[in-house]
Amino acid sequence: MITNHLGTKSPYRYVANINCTKDNNLQGCAKKIWMLVRHGTRNPNVLQIQKMQGYLPILKDIILERNSNLSQGYLPILKDIILERNSNLSSSKLQKSDIELFENWYPKVNEKDSKKLTIEGEHEMLELAERMQARFPDLLPPVYSNTSYKFKFTNTQRTKKSAENFAVGLFGKKTAKDVYFPEPIKHDAVLRFYKMCSKWISNVKHNDSTYAERQIFENSLLMKEALRKISKKLNFENMLSFDDVNLMYTTCAFETAWTSNTKSPWCIPFDIDTIKVMEYSEDLKYYWVDGYGKEITYKQACIAFNNMLNFMTAEDPYPHAVLYFTHSGTLLKMLSHLNLYREDKPLRAADYNDNHNRKWRVSKIDTFGSNLAFILHKCNGEKKLLVLHNEVPVKLPSCPDNELCDLQKIKDYYSSSITDCSFDSICENN
Ligand SMILES: O=C(O)[C@@H](COP(=O)(O)O)OP(=O)(O)O
């Protein structure tokens, strides 16, 4: 399925774990939960919307022109016959059903709605909450109390609405209105720590070298071959540029994420090989900006890691549940801080063919709504953590053989995260 390769704009429904079976041996042991949740499916940013509105209609017209022998004025029935014949006779033209998808397409979002949470995003959050509650009914009870629950979101509409819909999933619509959400702050030191990290901003985020591998891949022969294949499929005379194809890819991703009911015509240009090439360019970008590319990127996530650990080690049993709603950048840095999905070698443009089975695949690990949950279990006097990524247990490197990991082993393995986490010195903040 090409739609399993849509990068960070993949919908959560492709990775969600709908199995909510509880582990009977652990019933009663779960004492606390700390969750980091990327907001659900959102709209594109302003620039992407402008391109979707300004450029895609032009591309659509060219695609229709290049793939149809029809002129205006044919009777609809004749048009159908000709299109049918066209799709049967000429393998270089698009199928009739594909042409119809393009014909019926128009840009779906306006700039004023940029980055807003979508209906799909609301459902993702609500259903995620319901499943987490089914798994951990004692930690996430349906009765709200502001001593048991701590919610927090960043200063954006998409995380606010995500938190609200998660609350609806836990408590129902009526009670969710009473949930206390603290006023978000511009730069939250835990939820979006990197926005306050001067060294990361200048050395990584705003440094051209961070995007070098992605750039090399964009200009590679492999990419050129993909662009050629895509252009041929659309029956273009000249080869489409990377930017053209990337806009199609992004639109395919968003429109797929928004609803499972209709197919986006912008997915038509891709087959499984070409979409995997586009996916790799995404993986390279996020590896180097939010992942393992540079140490400071994931080192600074000790802030969020210690917030979790302090909560787990505190004797105070309240709150039982800490629920943070945040962004892709936070999730990826946290996953990297934990040493999950790490490749043996840095991800490079030249190694595409060696990396077909890579662990670092943002279409899987960083979809909309992706989440990390840490659950403290106390049984027989032992404290252990269970970690779920996208609702599936993961084995931390501190416990390679066990999903339930001794808190002490975690403290030992990540000891430098605890002892060497002076954020301002890591980030060289003045
Ligand atoms: O806000 C966005 O455009 C991206 C990047 O955010 P940062 O990594 O810069 O926070 O994250 P998203 O909201 O999609 O999770």
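The text that follows walks through the structure, step by step, so that each part is easy to find. Since the structure is predicted, the reported quantities are computational estimates derived from the model, not experimental observations.

## Describing the site of the ligand
Next, step 1: Surveying the vicinity of the ligand reveals the residues Arg38, Asn45, Arg192, His327, Ser328 and Gly329.
Next, step 2: For the shell around the ligand, the residue count by class is no nonpolar, 4 polar and 2 charged.

## What about the environment of Leu309?
Next, step 1: If you trace the backbone, Leu309 turns up in helix 14 (residues 302–313).
Next, step 2: Placed 109 residues apart in sequence, Leu309 and Ile418 show a C-alpha to C-alpha distance of 8.9 Å.

## Quick look at the pairing of strand 1 (residues 30–38)
Within a regular beta strand, the side chains point alternately toward one face of the sheet and then the other, so they alternate between its two faces.
Next, step 1: Counting buried positions along strand 1 yields 8 of 9 residues, so the element is predominantly enclosed.
Next, step 2: Sheet topology places strand 1 next to strand 4 (residues 371–379); 7 bridges connect them, and they run antiparallel. What sits directly across from Leu36, in strand 4, is Leu372.
Next, step 3: Here strand 1 runs beside strand 3 (residues 321–326); their pairing, made up of 6 bridges, is parallel. Bridge assignment links Arg38 to a residue of strand 3, and that residue is Thr326.

## Structural notes on helix 6 (residues 157–171)
Next, step 1: Between its first and last C-alpha, helix 6 extends 21 Å over 15 residues, near the 21 Å set by a 1.5 Å rise per residue.
Next, step 2: The buried count for helix 6 comes to 13 of 15 residues, which makes it a mostly enclosed element.
Next, step 3: Gly172 lies just past helix 6 and shows a positive phi near 90°.

Basis of the calculations
Residues numbered from 1 in each chain as written. Predicted model: local features only at pLDDT ≥ 70, side-chain atom pairs only at ≥ 80, totals over all residues. Near = placed C-beta within 6 Å. Nonpolar A, V, L, I, M, F, W, Y, C, P; charged D, E, K, R; others polar. Helix = DSSP H or I, 4+ residues; strand = E, 2+ residues; numbered from the N terminus. Buried ≥ 20, exposed ≤ 12 C-beta atoms within 10 Å, placed from the backbone. Pairing = 2+ DSSP bridges. Expected span 1.5 Å × (residues − 1).

Function-wise, these values are silent; they only describe arrangement.
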